[in-house]
Amino acid sequence: MDPKDDSLKKIGKGAMYVFLGIMFSKFIGYLYKFIIARLGTEQYGILSLGLMIYSIFNIIILFGLDYGITRFSAYYLGNSNKSEVKSLIKYVVSVIFVSSLIGAILLFLLSEIIAINLFNTPELVIVLKILAIALPFECLRSIFLGVIKGFHNLKYEFYARYVVEGILKKILLYVLIALGWGIFGATLAYLGSIVISFLFSVFFFSKIFSFFKEKSSSINFAEVLDYSWPLMFNTLLGLATVSIDSFFIGYFRTVSEVGIYNAVAPIARLTYIIPFSLSALLVPILVGLYAKKDDKSFYSVYNILNGWVFKFNLPLFIFILFFPKELLFVLFGEDYVTGYIGLIILASGFFIMYSFYVSREVLLALKKSRAVFYYSLLGVVLNIILAYLLVPAYGIV
């Protein structure tokens, strides 16, 4: 089979799993948020703040190695060198295990300072303490799933991340909320789903790679770190586009407005589904073509995927622009409809950003992670400045 057609076939198959996973996850996620939203905008805002802080810790601890392990495991496999894959996994898992434990302890100990001194929200303390326990499990899960992706296998990620976590989160939330545990129960539901999902990711990892049967060989781990650390900032940019705004809204305005904003943001980000799905296996596939010096297939795959992203995303974007009030009312209720202008503004920005998502993946395949870092850093700085200047006066708009 032609390398281009073979690559597109693999990307299409991977995209199917990711697309189904995202759809399932979104469905479960909206049910999760729907129940929490019914507890009130304040409770929803507190949990949103907790998850935002937790996500920042998670990204910093991972240090971009969840991306690095995917790229380099695919590269080593392309050279038929499983001994280097084993060494890579051993190094990365050891580093993340230690750093995630340290991060969890720090978040647990700093929870009162963050909740009371920074946000003046005592109810946030218990949320952060519970989420601190989840940190090591989520970080290590990301590493194991990164290896699985490097093996061009997205089926197991679909099961572990989307099906297992999604279903368990909904079931646990429903039970704990019904028992009257409120936001405490919602946070416990998140913790429980992450722990079980982690166990499944370890199981699936063992099915695709016989770690203990392979020999180790030396690798240049400094090269992996050099590639990975800029991607930490790129991931922070993705979080910052919503979470920095949540931080400033929580600091300058009210937790109720944080809740409304965090109802608006997921809808605005729906335009990420198509590019994210199509790009799920793009880096490992392009790395293989790059290693084989097949430039023709490399650029052909890139151009085709760019066209697909724009054609599929445009109708979704137009739908959000024309029906923002209806979407917020149906998904979250009447109290959240006031955020419709913010939804229009956010959706426009995300549509433009995700139109260039394939180009970002190409840079990663070419080991241009520092270029991605520079663009990410610029975006984060601009977001902080604009949020600081605009949020006090205009709120979520």
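Residues numbered from 1 in each chain as written. Predicted model: local features only at pLDDT ≥ 70, side-chain atom pairs only at ≥ 80, totals over all residues. Heavy atoms only, no water.

**Some thoughts on unusual backbone geometry**
Residues other than glycine seldom take positive phi values, yet Phe 63 does so here, at roughly 60 degrees. Along the chain, Phe 63 falls in the loop between α2 (41-62) and α3 (65-78). One non-glycine residue with positive phi stands out, namely Asn 120, at about 50 degrees. Here Asn 120 shows up in the loop between α4 (82-118) and α5 (124-150). Taking relative accessible area as the criterion, Asn 120 reaches 63% and is therefore assigned exposed. (Helix = DSSP H or I, 4+ residues; strand = E, 2+ residues; numbered from the N terminus. Buried < 20%, exposed > 50% of the residue type's maximum accessible area, 1.4 Å probe, protein only.)

**Considerations on the side chain of Asn 153**
Examined against the element boundaries, Asn 153 turns out to sit in the loop between α5 and α6 (155-178). Assessed through its relative accessible area of 18%, Asn 153 is described here as buried. Within the local environment of Asn 153, its side chain forms a polar contact with the backbone nitrogen of Lys 155, the two atoms lying 3.1 Å apart. If sequence neighbours within four positions are ignored, Asn 153 has contacts with Ile 148 and Ile 208. (Polar contact = N/O pair within 3.5 Å; in protein donor to acceptor, adjacent residues only side chain to side chain. Contact = heavy atoms within 4.5 Å.)

**Topic: the environment of Val 224**
In this fold, Val 224 is placed in helix α8 (residues 221-252). For Val 224, a relative accessible area of 0% translates into the label buried. Excluding residues that lie within four positions of it along the chain, Val 224 makes contacts with Leu 65, Phe 72, Tyr 76 and Leu 88.

**Considerations on helix α16 (residues 369-394)**
With 26 residues, α16 extends 35 Å between its outermost C-alpha atoms, agreeing within 8% with the 38 Å of an ideal straight helix rising 1.5 Å per residue. For α16, every residue scored as buried is listed here: Ser 369, Val 372, Phe 373, Ser 376, Val 380, Asn 383, Ala 387 and Val 391. A positive backbone phi angle near 65 degrees is found at Gly 395, which sits one or two residues after α16. (Expected span 1.5 Å × (residues − 1).)

**Quick look at the pattern of salt bridges**
One pass over the full model with this rule turns up eight salt bridges. A salt bridge links Lys 169 to Glu 165; the nearest nitrogen and oxygen atoms lie 3.2 Å apart. Placement of the pair is Lys 169 and Glu 165 together in helix α6, with a separation of four residues, close to one helical turn. Since its relative accessible area comes to 9%, Glu 165 is described here as buried. With a shortest N-O distance of 2.6 Å, Lys 367 and Glu 223 are connected by a salt bridge. Here the residue Lys 367 occupies a position in the loop between α15 (357-365) and α16, and Glu 223 occupies one in helix α8, the gap between them amounting to 144 residues. We classify Glu 223 as partly exposed; its relative accessible area is 28%. Via salt bridges that share partners, Glu 138, Arg 141, Glu 165 and Lys 169 belong to a single interconnected network. (Salt bridge = Lys/Arg side-chain N within 4 Å of Asp/Glu carboxyl O.)

Functional significance is not addressed by these values, which are geometric in nature.
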